[in-house]
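Architecture and fold: a report
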Amino acid sequence: MTSAFTPAVATPPETLYGGQGGRRVTVRDVSAAKVRGEKWPMVTAYDAMTARVFDEAGIPVMLVGDSAAMVVYGYDSTLPVSVDDLIPLSAAVVRGSRRAMVVADLPFGSYQSSAEQALTSATRFMKEAGVHAVKLEGGHRVLRQVEALVSAGIPVMAHLGLTPQSVNAFGGYRVQGRGQAGDELMADAKALEHAGAFAVVLECVPADLAERITTSLTIPTIGIGAGPSCDAQVLVWQDLMGLTPRPAKFVKQYSNLASQMTDAVQNFAAEVASGAFPAPEHVYQ
């Protein structure tokens, strides 16, 4: 049952990236960007303050990735992080943003066993964190999960190629989709589109394969190490800001935040040690 109140029809943004509209980006906006041929950025976020900065910069989609296992919790892979770990981070990103669509990763072990498990996990993210979509990894093996979530009204972003939750099965972080495996990946992408996914992340796949998948699908592709032909590109924000000491080949670092932070904290420490801080202008009278 819904309220009798009928809100005004929201005008779709002219561009996905850079807009400052008063409503959230939706899956329809993402789909329309593909039709227009507009490329757009997605970044990870894990806290409210960072989410606010990215939102005000016009980033249209933010991912609360299971990469939080490494960049927030200090693990060496994405596998240990749980639903309970990610829900507070997801809620913080939602609260810190006003326009961006917030997508939450379903972590390892929260959806693989059944469609029912996937629905239970995704529902928690939607109700407790207020996210606008969820992401899960895999192709044909998760089609039932995708269909169940979409049927329940939960938008699903898919993820193919190097799926980090399957790193042990892959034997490490390796490029996926070469040779015959490319045909299988293409079939997975089309099956996920048919199952109702609204977008698909392609991670660490050959650029020519990513281009073929992108032109074959009506839903957007989001590349990470998949070449320039994808409809969108995503990076972990700590990678692009220069906090990661040994980034992957596909990462371009747009800042050297690690050096800036080191300089700032050393300057602070030196002034404390010398007695220069706090100065009179920092003291209440």
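Shown above is the structure to which this text applies.
Let me sum up the structure you'll find in this document. Residue indices begin from 1 for each chain and proceed along its sequence in written order. The model is predicted, so local features are restricted to residues of pLDDT at least 70 and side-chain atom pairs to those at 80 or more, both for listing and for counting; the totals for chains, interfaces and linings are taken over all residues. Working from all heavy atoms in the structure, the side-chain values ignore hydrogens and water.

**Looking at unusual backbone geometry**
Under the convention used in this document: Runs of H or I in DSSP of at least four residues are treated as helices and runs of E of at least two as strands, each being numbered from the N terminus.
Here the bond from F277 into P278 is cis, since omega is 5°, no more than 30 degrees from zero. Its place among the elements puts P278 in the segment after α11 (257-274). Phi angles above zero are rare outside glycine, and C204 is one such case at about 50°.

**A few points about the sheet that holds strand β5 (residues 156-161)**
Put simply, the rule is: By this definition, two strands are paired if DSSP reports at least two bridges between them. Throughout, an axis means a line fitted to C-alpha atoms (over the contacting stretch in the case of helices), and angles, computed between N-to-C directions, take values from 0 to 180 degrees.
Within the closed barrel, the eight strands sit side by side as β1-β2-β3-β4-β5-β6-β7-β8. Their pairing is parallel. Taken pair by pair, the neighbouring strands of this sheet meet at an average axis angle of 25°, ignoring direction.

**Comments concerning the packing of aromatic side chains**
Cut-off, in case you're wondering: When two rings of Phe, Tyr or Trp (its six-membered ring) have centres within 6.5 Å they constitute a pair, described as stacked for plane angles under 30 degrees, edge-to-face for angles over 60, and tilted for the intermediate range. We call a residue buried when its accessible area falls under 20% of the maximum for its residue type, exposed when it is over 50%, and partly exposed in between, using a 1.4 Å probe and counting protein chains only.
All told, the structure shown has two aromatic pairs when counted by the stated rule. Arranged with centres 6.1 Å apart and planes meeting at 70°, the rings of F54 and W237 form a pair that is edge-to-face. Taken as a pair, F54 in helix α2 (residues 48-56) and W237 in helix α10 (residues 237-240) lie far apart in primary sequence, 183 residues in all. Residue W237 is classed as buried on the basis of its relative accessible area, which comes to 13%. Centre to centre, the rings of F268 and F277 are 5.9 Å apart; their planes meet at 70°, and the pair counts as edge-to-face. Overall, F277 belongs to the partly exposed group, its relative accessible area being 32%.

**Quick look at the nonpolar core**
Worth spelling out the cut-off: For this analysis, a nonpolar core means a set of buried residues of the types Ala, Val, Leu, Ile, Met, Phe, Trp, Tyr and Cys, connected via side-chain atoms within 4.5 Å. Throughout, a residue-residue contact means that at least one pair of heavy atoms, one from each residue, lies within 4.5 Å.
M62, F125, V134, L149 and L202 are the most contacted members of the largest nonpolar core, which has 60 residues in total. When residues of this core are assigned to their parent elements, the largest contribution, seven residues, is made by helix α4 (residues 83-96). Apart from residues no more than four positions distant in its own chain, M62 is found in contact with M42, V43, A45, A51, F54, D55, V93, S97, A100, M101, V102 and V103.

**Some words on the packing of α4 against helix α5 (residues 115-129)**
Rule in force here: When the near helix sits turned anticlockwise from the far one by under a right angle, the crossing is termed left-handed; a clockwise turn instead gives a right-handed crossing. Under the scheme applied here, ten amino acids are nonpolar (Ala, Val, Leu, Ile, Met, Phe, Trp, Tyr, Cys and Pro), four are charged (Asp, Glu, Lys and Arg), and all others, including Gly, are polar.
Running from N to C, α4 and α5 cross one another at 35°; their axes reach a closest spacing of 9 Å. Between α4 and α5 lies a crossing whose hand is right-handed. When α4 is examined against α5, the residues V83, D84, L86, I87, S90, A91 and V94 are found in contact with a partner set consisting of S121, R124, F125, E128 and A129. Class assignment for the residues of the contact of α4 with α5 results in seven nonpolar, two polar and three charged.

**Regarding helix α6 (residues 143-151)**
Which entries qualify depends on this criterion: Directions pointing from the helix axis toward each C-beta atom define the arc.
Along α6, the positions that sit buried rather than exposed are L143, Q145, V146 and L149. For α6, the angular spread of the buried residues around the axis is 160°, confining them to a single face. Every exposed residue of α6 that faces more than 90 degrees away from the buried side is listed here: R144 and S151. Here the buried face of α6 lies against α5, β4 (133-137), β5 and α8 (180-195). Of the residues one or two after α6, G153 is the one with positive phi, at around 85°.

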